[in-house]
Amino acid sequence: MNDSSWGAPPHTGYWGPTDQGPVQGAAPAGPTYDAHDAQHTRPMPIVPEVPAHGGDQDDDRGAARLGGPLFREEPPRTPPYDAQRTPPYHPPQAPALGPYDTPQARPYGAAPQNPEPMPDSSQPAPAPQKKSAGRDLSAAIGVGVGLGAVIVASLFIVKAVFVGVIAVAVVVGLWELTKRLDERKGIKAPLVPLALGGAAMVVSGYVRGAEGAWVAMALTALGVLVWRMTEPPEGYLKDVTAGIFAAFYVPFLATFVAMMLTADDGHRRVLTFLLLTVVSDTGAYAIGWRFGKHKLAPRISPGKTREGLLGAVSFAMAAGALCMQFLIDDGTWWQGLILGFAVAASATLGDLGESMIKRDLGIKDMGTLLPGHGGIMDRLDSLLPTAPVVWLLLVVFVGSG
């Protein structure tokens, strides 16, 4: 913007309005100023007279030179700087204000007194989180009590009814296992021969003992081989292998429970077997949840601890001594200690074994049939490998009668 736009000719002696017109000898650089027409002209904006950086004054008029980006014709002056000796100049930066700092509360450049936000005393402190048990305890307890009532009622009323309960549990367990194998691994173990052979295995063990159980097991394996032949040969070997494994793992091991039932005090033997297994699991769960710090097998089951194993052994040995002394004919308390220790070991190994299967399949539970427990197989994991151990030790201690 040039000077003529502000209404003053350059290099003249004119410094304000006058009624006499322009000064003599001055070149007419613009229209004549008329005081009467001043109200029709645009007023000149007022520019503050501030010295620019230390104030070089105008010699002619004694007025301060205008500063700012609109009037500066030279780059801003900087302190003398020697790149060889003087480090580059960086103006100090003001630290960020905290939530409780204000510019008036502390001087420029001072460290904040409260760098961390203070808690609001008006709000209640959050309650400490309680250690979770990892399952719906109310549902688990309710389902467990219901199953226990059905088992005890069938066990002490009619033995044949209890054999039917075992057969139903075996068939449901086989269904859960074969379904998960198919879903997760594409292994199609034939369920029909497994279910029929499994139920026949349990009944044969109760009627004919160990010989009947072995014969039924052999016929079930043969049925799996033949049934699978009706489908294409792709995957035949893995399907029949999984089928024979399922026949041994579920119904054959469950047959030892039916074989225990054939003795004169069979209902008390089965009750001892169930009590010791449940007590072992309960002791491991309670002690491990409360005091567990050292992992037992972290790659297989991260939730199991050595403290939990000690709890299982202690609880099972105490329960075994009581059961052998008061429930089993001709049994003694020291036999119960051995029996309880063996049950704790077999139940833990059985639990770890199914954990390996579920980890390989990439699942948490075998099923969802029992709220708070998972599936039938999630309750049979400790019972199945424990059944032959209890049957054998009872035969050794007090006979098969």
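Residues numbered from 1 in each chain as written. Predicted model: local features only at pLDDT ≥ 70, side-chain atom pairs only at ≥ 80, totals over all residues. Heavy atoms only, no water.

**Section: the environment of Pro193**
Quick reminder of the rule: Each helix is a run of DSSP H or I of at least 4 residues and each strand a run of E of at least 2, with the numbering of both proceeding from the N terminus. Relative accessibility under 20% of the residue-type maximum defines a buried residue, over 50% an exposed one, and the middle range a partly exposed one, all with a 1.4 Å probe and only protein chains included. The contact criterion used throughout is that any non-hydrogen atoms of two residues lie within 4.5 Å.
Tracing the sequence through the fold places Pro193 in helix α3 (residues 191-228). Look at Pro193 and you get buried, because its relative accessible area is 10%. C-alpha of Pro193 to C-alpha of Thr220: the two residues are 27 residues apart in sequence and 6.5 Å apart in space. Contacts of Pro193, omitting those with residues within four sequence positions, involve Gly198, Thr220, Gly223, Val224 and Trp227.

**Side note on unusual backbone geometry**
Unlike most non-glycine residues, Asp330 shows phi in positive territory, near 65°. Relative to the assigned elements, Asp330 resides in the loop between α6 (306-326) and α7 (333-361).

**Overview of the packing of helix α2 (residues 159-185) against helix α8 (residues 376-398)**
Note the threshold: Axis lines are fitted to C-alpha atoms, over the contacting stretch for helices. Their N-to-C directions set the angle, which ranges from 0 to 180 degrees. Roughly parallel means an angle under 35 degrees; roughly antiparallel means over 145; roughly perpendicular covers 65 to 115; every other angle is labelled oblique. Should the near helix be turned anticlockwise from the far one by less than a right angle, the crossing is termed left-handed; should it be turned clockwise, right-handed. For this classification, Asp, Glu, Lys and Arg are treated as charged, while Ala, Val, Leu, Ile, Met, Phe, Trp, Tyr, Cys and Pro are nonpolar and the rest, including Gly, are polar.
At a minimum axis separation of 9 Å, α2 and α8 run at an interaxial angle of 110°. One element, α2, and the other, α8, form an angle in the roughly perpendicular class. Handedness of the crossing formed by α2 with α8: left-handed. Note on element contacts: α8 touches α2 through Ile376, Met377 and Leu380, opposite Ala169, Val172, Gly173 and Glu176. Tallied by class, residues from the contact of α2 with α8 come to five nonpolar, one polar and one charged.

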